[in-house]
Amino acid sequence: MMADIAELQREIYEAIRAVKKQLDASLGDDPLFGFALGTDDDVRGVYHIAASESWVESNKVDYPEIGFVFTDWEQAGDDEAFVSISNRFRELTDMAYANSQDWGAARDQRFELLVRALIDCRKDGVFAATTLLDVGSTDPSEHMERLEMQAIERLNAPAVADRLAEALCLEAYRTGSS
């Protein structure tokens, strides 16, 4: 099972790299403001979404927080790279688990795979240090908001995490918050 998990994380990493190359080609000299992996509360599937700096600038006049709300971003590469990952996530979600705690732990493990793949991409220079990275649910439960905030803190510089926490009203989920 551990080998399967490591392989799945590697597949996620490679999918991110592939769509990042597509984004770089389509955006040209326009730097990437943010990149996110979106999922649902069951972490049953995954997609990517992005926002360039010029796109955020042109939209923040009417919506100042647009750069911090990945569900409203509109730029992406081909999601084909994530189809097999989503299929595998669905299989894992549909497996029989002994109890709801085991099912929840498996869901959290899938979420963690997404976070770790982005951490590896950041570490390997796929994303600039200034690119905002996020992993979150499109309509999050409190549990998923907590996981997202923990991911935000791990994926971004403290000042960016502060700004994201404020924009997304996730301050209560900050590490060390009660």
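Here, every reference points to the structure presented above.
Since the model is a prediction, treat every value here as computed from it, not as a measurement. (Residues numbered from 1 in each chain as written. Predicted model: local features only at pLDDT ≥ 70, side-chain atom pairs only at ≥ 80, totals over all residues. Heavy atoms only, no water.)

Visitor: Mind showing me how you'd approach the pairing of strand β2 (residues 47-52) here?
Guide: In the case of a regular strand, side chains alternate between the two sheet surfaces. Burial analysis of β2 places five of its six residues in the buried class, the great majority of the element. Inspection of the sheet shows strand β1 (residues 32-39) paired to β2 by six bridges, in the antiparallel sense. By the bridge assignment for β2, Leu37 is matched with His48. (Buried < 20%, exposed > 50% of the residue type's maximum accessible area, 1.4 Å probe, protein only. Helix = DSSP H or I, 4+ residues; strand = E, 2+ residues; numbered from the N terminus. Pairing = 2+ DSSP bridges.)

Visitor: Mind showing me how you'd approach the sheet that holds strand β3 (residues 132-137) here?
Guide: To summarise the sheet geometry, strands pair through backbone hydrogen bonds and adopt either a parallel or an antiparallel arrangement. Taken together, the three strands give an open sheet; going across it, the order is β2-β1-β3, and neighbouring strands pair in mixed fashion. Two strands lie at the open edges of the sheet, namely β2 and β3, each paired on one side alone. Recorded for the sheet is a direction-independent mean angle of 20° between the axes of neighbouring strands. Examined bridge by bridge, β1 and β3 share six bridges and lie parallel to one another. Opposite Gly34, over in β3, you have Leu132 as the bridge partner. Docked against the sheet, helix α5 (residues 142-155) engages β1 and β3, running at close to 165° with respect to β3. (Axes fitted to C-alpha atoms, helices over the stretch in contact; angles between N-to-C directions. Contact = heavy atoms within 4.5 Å.)

Visitor: Can you walk me through unusual backbone geometry in this structure?
Guide: Glycine aside, a negative phi is what most residues show, and trans is what most peptide bonds show. The backbone of Val43 sits at a positive phi, close to 50°, despite the residue not being glycine. Summarising the element assignment, Val43 is placed in the loop between β1 and β2. In this structure Val43 comes out as buried when scored by relative accessible area, which is 0%.

Visitor: Could you clarify how one ought to interpret the environment of Val69 in this entry?
Guide: Structurally, Val69 can be placed in the loop between α2 (53-59) and α3 (83-94). On the basis of relative accessibility, which here comes to 15%, the residue Val69 falls in the buried class. For the pair Val69 and Asp139, spaced 70 residues apart in the sequence, the C-alpha separation amounts to 12 Å. Once residues within four sequence positions are removed from consideration, Val69 is found in contact with Tyr63 and Leu168.

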